[in-house]
Amino acid sequence: MRKNKYPYFPENFLWGGAQAASQADGAYRADGKGLNSSDVQPYLKGKSNAEIQRLESQGMTLEEVRKNSKATTNYYPKRFGIDFYHTYKHDLKLLADAGFKTFRTSLDWSRIFPNGDDAKPNESALKHYDEMIDYMLELGIEPIITMNHYETPINITLKYGGWPNKKVIPMFEKFGKTLLDRYGDKVKYWIVVNQINMVQIEPWLSVGVTSDQYDNEEQALYQAMHNQFVGAAWVKQYARSLNNPDIHIGTMVADGTVYPATSKPDDVILAMRQNRMQYFVTDVQFRGAYPQFAKNYFDDNDIKLDITENELDLIKNNPMDFLAISYYYSKMVDSTKNKYQVNDTSANPNLKESDWGWAIDPQGLYNTLSQYWDRYQKPIIIAENGFGAYDKLEDGNKIHDPYRSDYLGAHIEQVGRVIHDGADVIAYCMWGPIDIVSCSSQQMSKRYGIVYVDLDDEGQGSGNRYLKDSYYWYKDVISSNGEEI
């Protein structure tokens, strides 16, 4: 432990962690659950990390989705997760014992509405989440709930073509209404859509679109994003109608802020333009309108969106209450290598990388938090921040992971720094406090947790939980309210 240079966390700061039901819950046959977009991603055995990343970035074909939906021979890790659906009491108690003030997780859409278009919700699923949320509150843990964290029911893709189809909007609105009616008196903070700006990087998980469904894929993806804007605005409008001032509806983005490779004007301008196309998402959801630069981008790339005046009015009149951000790494753009195209970026040679090629850049978190705070002046939740690494279970069930404490500590320091500058950051949720299946690679070996789960990439192991050195470190961070890192 060391003294934090920026120990400016308020007394009521929410220290905690985050996960997704799709990566943790498992129990895919329990209580009438349907398959979702995460449940059909197989583990790519025998592939290198780089190969896995490349193959996953290509998305899935419609035939692969149909085939994988019926397959039982390959291993589909997210169908099993860490069995949090059954172990949540034990696991949440471990987090409470570490001093967690908050915990972010999702309520699986495909468990509550197994097909997405079901007439009525699945009462067994709702009862389960009743009990989970009640137990969190009993432990003194503030729930932060994500409505959709890569859990779009498969039927929505197969029958409707995914989120580009406007018929999906009322299905999601019905889901959101169900959650707010059931849990609105218990849950204060709601993230409507996880990482709503990730449609180009993870089109399958984000909006249920396969790589071969649409001739103009970029247009389909932006239409899907727009439809999610509409769904989020409707959820906010409905939440307001409940007259409960404790309900806060927020949006979430994955940080995509880039640096210019050099001081050359071409690099600086390209970085500025790339960043604006990141901010356009939150511009729409906080400022209530599409900025002109985004409209120009659509025109220049032959993207024609079906947007109605009623939808624009709904978005304008229902801005989000807070911004949730996931941050893991930063990138840069080089005008000699990259184009003005969202997510066309380069690696930064000045930064070290993890085993999965993710650059380690704590000051990048300070940069992005500062940019978003200056732009919107909205409360901010760090919804995800973490370090995936290979951990070794040693004699006595010990896990020594100083690299994780070093990473988290350096990033927490930058959160304190931006609070000192005046930003209203209300929560820090480290990603995956209990080891879960990796979203991007389907691996258990890409571990983020401060609690080790004894399962390997093929689901073999006892499933036992063991406390890592970082567990005790984070417990001390929380007890000192960030003064010690």
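Caption draft 1: Up close: the overall build of the protein chain. Looking only at helices and strands, one finds 16 helices and 12 strands in the protein chain. Over its C-alpha atoms the protein chain spans a radius of gyration of 21 Å, differing by no more than 12% from the 23 Å that the globule rule assigns to 485 residues. Its C-alpha atoms give the protein chain principal-axis dimensions of roughly 60 × 55 × 50 Å. Split into buried and exposed, the 485 residues of the protein chain put 61% on the buried side.

Caption draft 2: Molecular detail of the pairing of strand 5 (residues 248-254). Along strand 5, six of the seven residues are buried, which leaves the element largely enclosed by surrounding structure. As paired strands, strand 4 (residues 189-193) and strand 5 are joined by three bridges and run parallel to one another. Of the residues in strand 5, the one forming a bridge with Trp190 is Ile249. Two strands pair when backbone bridges link them, and strand 5 and strand 7 (residues 322-326) are joined in this way by five bridges, in the parallel orientation. Among the inter-strand pairings, Val253 is bridged to a residue of strand 7, identified as Ile325.

Caption draft 3: Layout of the packing of helix 4 (residues 84-97) against helix 6 (residues 123-138). Two elements in contact, helix 4 and helix 6, have axes separated by 10 Å at closest approach and are oriented at 5 degrees. Overall, the two elements helix 4 and helix 6 adopt an arrangement that is roughly parallel. Residue-level contacts link Phe84, Tyr85, Tyr88, Lys89, Leu92 and Lys93 of helix 4 to His128, Glu131, Met132, Tyr135 and Met136 of helix 6.

Caption draft 4: Up close: the pattern of salt bridges. One pass over the structure, following the stated rule, counts 27 salt bridges. Between Glu384 and Arg104 there is a salt bridge, and its shortest N-O distance comes to 3.1 Å. In this pair, Glu384 is assigned in strand 9 (residues 380-384) and Arg104 in strand 2 (residues 102-106), connecting sequence segments 280 residues apart. Of the two residues examined, Glu384 and Arg104, each falls in the buried class. We note a salt bridge from Asp401 to Arg404, for which the minimum N-O separation is 2.7 Å. Accessibility expressed as a relative area gives 1% for Asp401, which makes it buried. The exposure class of Arg404 is buried, given its relative accessible area of 0%. Residues participating in the shared-partner salt-bridge network are Asp391, Asp401, Arg404, Asp435, Arg447 and Lys468.

Caption draft 5: Examining the sheet that holds strand 1 (residues 14-18) more closely. A barrel is described by the order of its strands in space; here eight strands give the closed sequence 1-2-3-4-5-7-9-10, paired in parallel fashion. On average, adjacent strands in this sheet sit at an angle of 25 degrees to one another, irrespective of strand direction. In terms of strand pairing, strand 3 (residues 142-148) meets strand 4 through four bridges, oriented parallel. When the sheet's bridge partners are listed, Ile145 is paired in strand 4 with Trp190.

Caption draft 6: Structural view of the nonpolar core. Trp190, Phe280, Tyr428 and Tyr474 are the most contacted members of the largest nonpolar core, which has 134 residues in total. At 11 residues, the largest contribution of residues to this core is made by helix 10 (residues 217-241). If we skip the residues at most four places from it in the chain, Trp190 touches Ile145, Met147, Leu179, Leu180, Tyr183, Gly184, Ile247, His248, Ile249, Gly250 and Phe322.

Caption draft 7: Here's a closer look at unusual backbone geometry. Of note in the backbone geometry, Ala27 takes a positive phi value of approximately 50 degrees without being a glycine. Its location among the elements puts Ala27 in the loop between helix 1 (21-24) and helix 2 (49-57). Given the relative accessible area of 13%, Ala27 is considered buried. In this model, Tyr150 sits at a positive phi of 60 degrees, which is unusual for a non-glycine residue.

Caption draft 8: Main features of the packing of aromatic side chains. Taken as a whole, this structure holds 39 aromatic pairs when the rule is applied. Measuring from centroid to centroid gives 5.6 Å for Phe100 and Tyr474, while their planes differ by 85 degrees, and the two rings are edge-to-face. Of the two residues, Phe100 is situated in the loop between helix 4 and strand 2 and Tyr474 in helix 16 (residues 469-479); the sequence distance between them amounts to 374 residues. Just as Phe100 is buried, Tyr474 falls in that class too. The structure contains a cluster of three or more aromatic residues connected by ring pairs, namely Tyr222, Phe229, Phe280, Tyr290, Tyr297, Phe298 and Tyr340. The lysine or arginine in question, Arg111, covers the ring of Tyr85, its NZ or CZ lying 4.0 Å from the ring centre. The aromatic ring of Tyr366 is capped on one face by Arg417, whose charged end is 4.0 Å from the ring centroid.

Caption draft 9: Representation of helix 4 in the model. Along its length, helix 4 reaches its greatest deviation from straightness, about 40 degrees, at His90. Residues of helix 4 that are buried: Phe84, Tyr85, Tyr88, Asp91, Leu92, Leu94, Leu95 and Ala96. Gly99 sits one or two residues past helix 4 and shows a positive phi near 95 degrees.

Caption draft 10: Broad picture of the state of the cysteines. Scanning the model with the defined rule gives zero disulfides in all. No disulfide involves Cys429; its sulfur sits 17 Å from that of Cys439, the nearest cysteine. Classification of Cys429 by relative accessible area gives buried; the value is 0%. For Cys439, a relative accessible area of 16% gives the class buried.

Parameters and conventions
- Every chain is numbered independently, its residues counted from 1 as its sequence is written.
- Given that the model is predicted, a residue must reach a pLDDT of at least 70 before its local features are reported, and side-chain atom pairs must reach 80 or more before they are shown or counted; all residues, however, enter totals for whole chains, interfaces and linings.
- Water and hydrogen atoms play no part in the side-chain values, which are based on all heavy atoms of the structure.
- Numbering goes from the N terminus for both helices and strands, where a helix is a DSSP run of H or I of at least four residues and a strand is a run of E of at least two.
- This radius of gyration counts C-alpha atoms alone. The globule rule is 2.2 Å times how many residues there are, raised to the power 0.38.
- For every residue, the accessible area obtained with a 1.4 Å probe (protein chains only) is divided by the maximum for its type, and the residue is called buried under 20%, exposed over 50%, and partly exposed between those limits.
- Strand pairing is assigned whenever DSSP identifies at least 2 bridges connecting the two strands.
- Note on geometry: axes are C-alpha line fits, over the in-contact stretch for helices, and angles between N-to-C directions span 0 to 180 degrees.
- An angle counts as roughly parallel when it lies under 35 degrees, as roughly antiparallel when it exceeds 145, as roughly perpendicular when it falls between 65 and 115, and as oblique in every other case.
- Contact between two residues is taken to exist if any of their heavy atoms lie within 4.5 Å; hydrogens are not considered.
- Salt bridge, as applied in this entry: a Lys or Arg side-chain nitrogen positioned within 4 Å of an Asp or Glu carboxyl oxygen.
- As used in this record, nonpolar core signifies buried Ala, Val, Leu, Ile, Met, Phe, Trp, Tyr and Cys residues forming a set joined through side-chain atoms within 4.5 Å.
- In this analysis, rings of Phe, Tyr and Trp, with Trp reduced to its six-membered ring, are considered paired at centre separations within 6.5 Å, and the interplanar angle assigns stacked below 30 degrees, edge-to-face beyond 60, and tilted for intermediate values.
- Only when the NZ of Lys or the CZ of Arg is both within 6 Å of the ring centre and within 35 degrees of the ring normal is a charge said to sit over the ring.
- Two axes enter the bend calculation: one fitted to the seven residues ending at the residue in question, the other to the seven starting there, and the bend is the angle between them.
- Disulfides are defined as pairs of cysteine sulfur atoms found within 2.5 Å of each other.

Functional significance is not addressed by these values, which are geometric in nature.
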